[in-house]
Amino acid sequence: MTQSYNALSAYQAASKMVSSLGAVVLLYDAMIKEVANAKTAIEENRIEDRFNATQKACKVLVGLQSHLDFEKGGDVSLMLDQFYHTIFRDLQQVNMKNSTEVCDGIITALGEVRASWAELAKNEQRTGTPDGKTGQATAAPEAEKPSEISSLTLSI
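Note that the structure is predicted; figures quoted are calculated from it, not measured. (Residues numbered from 1 in each chain as written. Predicted model: local features only at pLDDT ≥ 70, side-chain atom pairs only at ≥ 80, totals over all residues. Heavy atoms only, no water.)

1. Some points on the overall build of the protein
Thought 1: Summing up its helical and strand segments, the protein has five helices and zero strands in all.
Thought 2: Starting at the N terminus and walking to the C terminus, you meet the elements of the protein as α-α-α-α-α.
Thought 3: Counting only residues that meet the buried cut, the protein has 35% of its 156 residues in that class.
Thought 4: In the protein, of all internal contacts separated by at least 6 residues, the share reaching a separation of at least 24 is 62%.
Thought 5: Accessible surface computed for the protein: about 9,200 Å², of which carbon and sulfur atoms make up 52%. (Helix = DSSP H or I, 4+ residues; strand = E, 2+ residues; numbered from the N terminus. Buried < 20%, exposed > 50% of the residue type's maximum accessible area, 1.4 Å probe, protein only. Contact = heavy atoms within 4.5 Å. Areas by Shrake-Rupley, 256 points an atom, 1.4 Å probe, with all protein chains shown as cover.)

Pasting the structure below:
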């Protein structure tokens, strides 16, 4: 299986339980968790575990990047594409330099972007639109809204 297929499978599994924006937040959470695992592995001199954790984070990253819609997303898609390239490069640096500092930088960057996705997901849940404005789109009836979950285990 390819990396994109695994990440796509994870996204599809997540999106069945939460909204699409909620699934993106969960995928960011998974990346942050794996980079934190890589940092711990570096601190404990577990090189293979560090490598495996960064590879899992890369799989999610590639999956997210492969689903960018440059036609509809415009400048935002271009910025996310560049961001994903930077994070991918930094994940490679974690393995090359065995650096907890690089891990910290990745976690901070992912956390900042994750917060934006979480805000969009919160707005969508509250108003039915990611921008938080109630417009022509209306919130789904309660029975049709995805159920909230506190965590999701993704097989990556």
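2. Thoughts on helix 4 (residues 70-97)
Thought 1: With 28 residues, helix 4 extends only 33 Å from end C-alpha to end C-alpha; this falls clearly short of the ideal 40 Å at 1.5 Å per step.
Thought 2: Remark: the principal bend of helix 4, roughly 70°, maps to valine 76.
Thought 3: The inward-facing, buried residues of helix 4 abut helix 2 (20-43), helix 3 (47-66) and helix 5 (100-127).
Thought 4: Put simply, aspartate 69 is the residue that caps the front of helix 4, since its side-chain oxygen is 3.1 Å from the backbone nitrogen of glutamate 71.
Thought 5: Asparagine 98, located one to two residues past helix 4, shows a positive phi value of around 55°. (Expected span 1.5 Å × (residues − 1). Bend = angle between axes of the 7 residues up to and from the residue. Polar contact = N/O pair within 3.5 Å; in protein donor to acceptor, adjacent residues only side chain to side chain.)

3. Here's the deal with the packing of aromatic side chains
Thought 1: This model, assessed by the stated rule, comprises one aromatic pair.
Thought 2: A centroid spacing of 5.9 Å and a plane angle of 50° characterise the contact between phenylalanine 83 and tyrosine 84, whose relative ring orientation is tilted. (Phe/Tyr/Trp six-rings, centres within 6.5 Å; stacked < 30°, edge-to-face > 60°.)

4. Focus on the side chain of arginine 50
Thought 1: Locating arginine 50 in the fold gives a position in helix 3.
Thought 2: The charged side chain of arginine 50 is buried without a salt bridge, its nearest counter-charge being aspartate 49 at 9.9 Å.
Thought 3: Among the polar contacts listed, one links the side chain of arginine 50 to the side chain of asparagine 95, at a separation of 2.8 Å.
Thought 4: In contact with arginine 50, other than residues within four places in its own chain, are Ala38, Ala41, Ile42, Val94, Asn95 and Asn98. (Lys, Arg positive; Asp, Glu negative; His and termini not counted. Salt bridge = Lys/Arg side-chain N within 4 Å of Asp/Glu carboxyl O.)

5. Quick word on helix 3
Thought 1: Taking 1.5 Å of rise per residue, the 20 residues of helix 3 would be expected to cover 28 Å, and the 28 Å separating its terminal C-alpha atoms lies within 8% of that figure.
Thought 2: Those residues of helix 3 that sit buried are Arg50, Ala53, Thr54, Gln55, Ala57, Cys58, Val60, Leu61, Gly63, Leu64 and Gln65.

6. Examining the confidence of the model for the protein
Thought 1: Taken residue by residue, the protein gives an average pLDDT of 82. The fraction at 70 or more is 71%.
Thought 2: Ranking the elements of the protein by mean pLDDT puts helix 1 (residues 3-15) last, at 60, and helix 3 first, at 96.
Thought 3: Low pLDDT, under 50, characterises residues 137-156; the predicted model gives this stretch 30 contacts beyond four residues in sequence or across chains. (pLDDT = per-residue confidence, 0-100.)

7. A word on the packing of helix 2 against helix 4
Thought 1: Viewed as axis vectors pointing N to C, helix 2 and helix 4 meet at an angle of 20°, and their least axial separation amounts to 12 Å. As far as their axial angle goes, helix 4 and helix 2 are roughly parallel. Here the hand of the crossing between helix 2 and helix 4 comes out left-handed. Contacts between helix 2 and helix 4 involve Tyr28, Val35 and Ile42 from the first element and Leu80, Phe83, Tyr84, Leu91 and Val94 from the second.
Thought 2: By residue class, the composition of the contact of helix 2 with helix 4 is eight nonpolar, no polar and no charged. (Axes fitted to C-alpha atoms, helices over the stretch in contact; angles between N-to-C directions. Parallel < 35°, antiparallel > 145°, perpendicular 65-115°, else oblique. Left-handed = near helix turned anticlockwise from the far one by under 90°. Nonpolar A, V, L, I, M, F, W, Y, C, P; charged D, E, K, R; others polar.)

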